[in-house]
Number of protein chains: 2
Amino acid sequence: MMSKKCKYALKALVRLAADYQKGYLSTGLIAQEEAIPKKFLEQILLELKQVKFVNSQKGAGGGYYLLKHPKEITFADIYRIFDGPIALTPCTSLNFYEPCNDCPNEAVCYLRKQLIDIRDKTRKSMMGASLQSFLDNKSAISKNLKK
Amino acid sequence: MMSKKCKYALKALVRLAADYQKGYLSTGLIAQEEAIPKKFLEQILLELKQVKFVNSQKGAGGGYYLLKHPKEITFADIYRIFDGPIALTPCTSLNFYEPCNDCPNEAVCYLRKQLIDIRDKTRKSMMGASLQSFLDNKSAISKNLKK
DNA sequence: ATAAATCCTACCAAATTAATAGAATTTAAT
DNA sequence: ATTAAATTCTATTAATTTGGTAGGATTTAT
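This one's a predicted model, so the numbers in the text were calculated from it and none came from an experiment.

**Student:** Please provide a residue-by-residue account of the protein's contact with DNA strand C, values included.
**Tutor:** Every one of the 27 residues lining DNA strand C counts as a neighbour, but Lys49, Ser56 and Tyr64 of chain A together with Lys39 and Gln43 of chain B are closest to it. The sugar-phosphate share of atoms of DNA strand C within 4 Å of the protein amounts to 66%. Residue Gly59 of chain A places a main-chain N or O atom 3.5 Å away from a sugar or linking oxygen belonging to DNA strand C. Counting residues per element, the ones that place at least two in the surface near DNA strand C are α3 (38-50), β1 (54-57) and β2 (63-66) of chain A together with α1 (4-18) and α3 (38-50) of chain B. It is α3 of chain A that provides the largest number of residues to the surface near DNA strand C, a total of five residues.

**Student:** Could you give an account of the packing of α1 of chain B against helix α4 (residues 75-83) of chain B, naming the residues involved and the relevant values?
**Tutor:** Residues and elements named next belong to chain B. At a minimum axis distance of 9 Å, the contact between α1 and α4 shows a crossing angle of 140°. Judged by the inter-axis angle, α1 sits oblique to α4. Like other packed secondary-structure pairs, α1 and α4 cross with a definite hand, here right-handed. Contacts from Lys5, Cys6, Ala9, Leu10 and Leu13 of α1 reach α4 at Phe75, Ile78, Tyr79, Phe82 and Asp83. Looking at side-chain class alone, the contact of α1 with α4 contains eight nonpolar, no polar and two charged residues.

**Student:** Go over the interface of chain B and chain A, please, and point to the residues and values.
**Tutor:** Contact with chain B, which involves 41 residues of that partner, is made by 41 residues of chain A. For the pair chain B and chain A, the summed buried area comes to about 3,600 Å², and 65% of that belongs to carbon and sulfur atoms. If you look at where chain B meets chain A, you find zero salt bridges. At the boundary of chain B with chain A, the tally comes to 13 residue pairs in polar contact (both at pLDDT 80 or more). With nine residues, the single largest contributor to the side of chain B that touches chain A is helix α5 (residues 112-127) of chain B. Class assignment of the residues belonging to the side of chain B that touches chain A gives a composition of 25 nonpolar, seven polar and nine charged.

**Student:** Can you tell me about the pairing of β1 of chain A, naming the residues and giving the values?
**Tutor:** Residues and elements named next belong to chain A. Bridge analysis of β1 against β2 gives four bridges, and the strand direction is antiparallel. Among the inter-strand pairings, Gln57 is bridged to a residue of β2, identified as Gly63. Counted along the chain from β1 to the antiparallel partner β2, the turn is five residues long, and its residue Gly59 has a positive phi close to 80°.

Here is what the cut-offs are and how they apply
Residues numbered from 1 in each chain as written. Chains lettered and ligands numbered in written order. Predicted model: local features only at pLDDT ≥ 70, side-chain atom pairs only at ≥ 80, totals over all residues. Heavy atoms only, no water. Near = heavy atom within 4 Å. Polar contact = N/O pair within 3.5 Å; in protein donor to acceptor, adjacent residues only side chain to side chain. Helix = DSSP H or I, 4+ residues; strand = E, 2+ residues; numbered from the N terminus. Axes fitted to C-alpha atoms, helices over the stretch in contact; angles between N-to-C directions. Parallel < 35°, antiparallel > 145°, perpendicular 65-115°, else oblique. Left-handed = near helix turned anticlockwise from the far one by under 90°. Contact = heavy atoms within 4.5 Å. Nonpolar A, V, L, I, M, F, W, Y, C, P; charged D, E, K, R; others polar. Buried area = accessible area lost by both parts, 1.4 Å probe. Salt bridge = Lys/Arg side-chain N within 4 Å of Asp/Glu carboxyl O. Pairing = 2+ DSSP bridges.

This is the structure:
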């Protein structure tokens, strides 16, 4: 399961992707449209700014905008920022590696093979889900509604 | 990431699988061999008994034993018992379905498609990891050590 | 000036996690 | 019968994480 924070971040980024290179979107607007608590969203966007996924413009008429192309940000990236490792254990994580304290010798760990296999497949599927792909869904759905 | 409880359960079950149909293993023995806090393991095994993965024999010489064939228990099953849904959201879970409160209309949710795709792939890889497969690792590794 | 926006830090309640504690119960062996 | 070994059951607890809320400081456009 992903945290609410992560889901909120995903929705906010998809919304920003919808207006990619079309100016600023305020926290208030995104919060309202995506049903996210506004003050919580502020914190989330701040974190996304720190990792250079978005940038902001202060003051009246300001807001946030996406810095990268929607194809360049995937769910795997977002998950890692807010929920940490994709792997099932620290010792099988690529981006957050840490040895396990209950494991005396990693080379002899009989769990590793499968845990790495699961990580690889989960990782791959998460990397396939770019902001662009969510955006494509969104327009396909609204197109379908009009018919 | 999986919880420690889940990892402990997995290790305990693999250990029990190693002695499948060979009598009882005590909590104390498993705890020692697998570096699991004994009293914590007791609770875990109790839960595994409730879901009929293991059974127990009280008293001196007693202990736990695996009820199912090691091929019939997969990591997906264990994960669900201790860590809950494999899916990233309740609304995309097969075994723990719940509607999302921040989602007015599921049919129009533009996140679903990818979240279901990720769930399916994660699920599939987790179902591929049976107790037997971990056991096969274990013997392959110890065989390799002897050479 | 003022209104609108981000920025920053602190706080908080509830839930979850990872245990620990202790006693009750059952069973096998002496 | 007694005792030792084992599971069973229930409660407690400390630390961390989650999902927010609060309030003010700062910046900028009008």
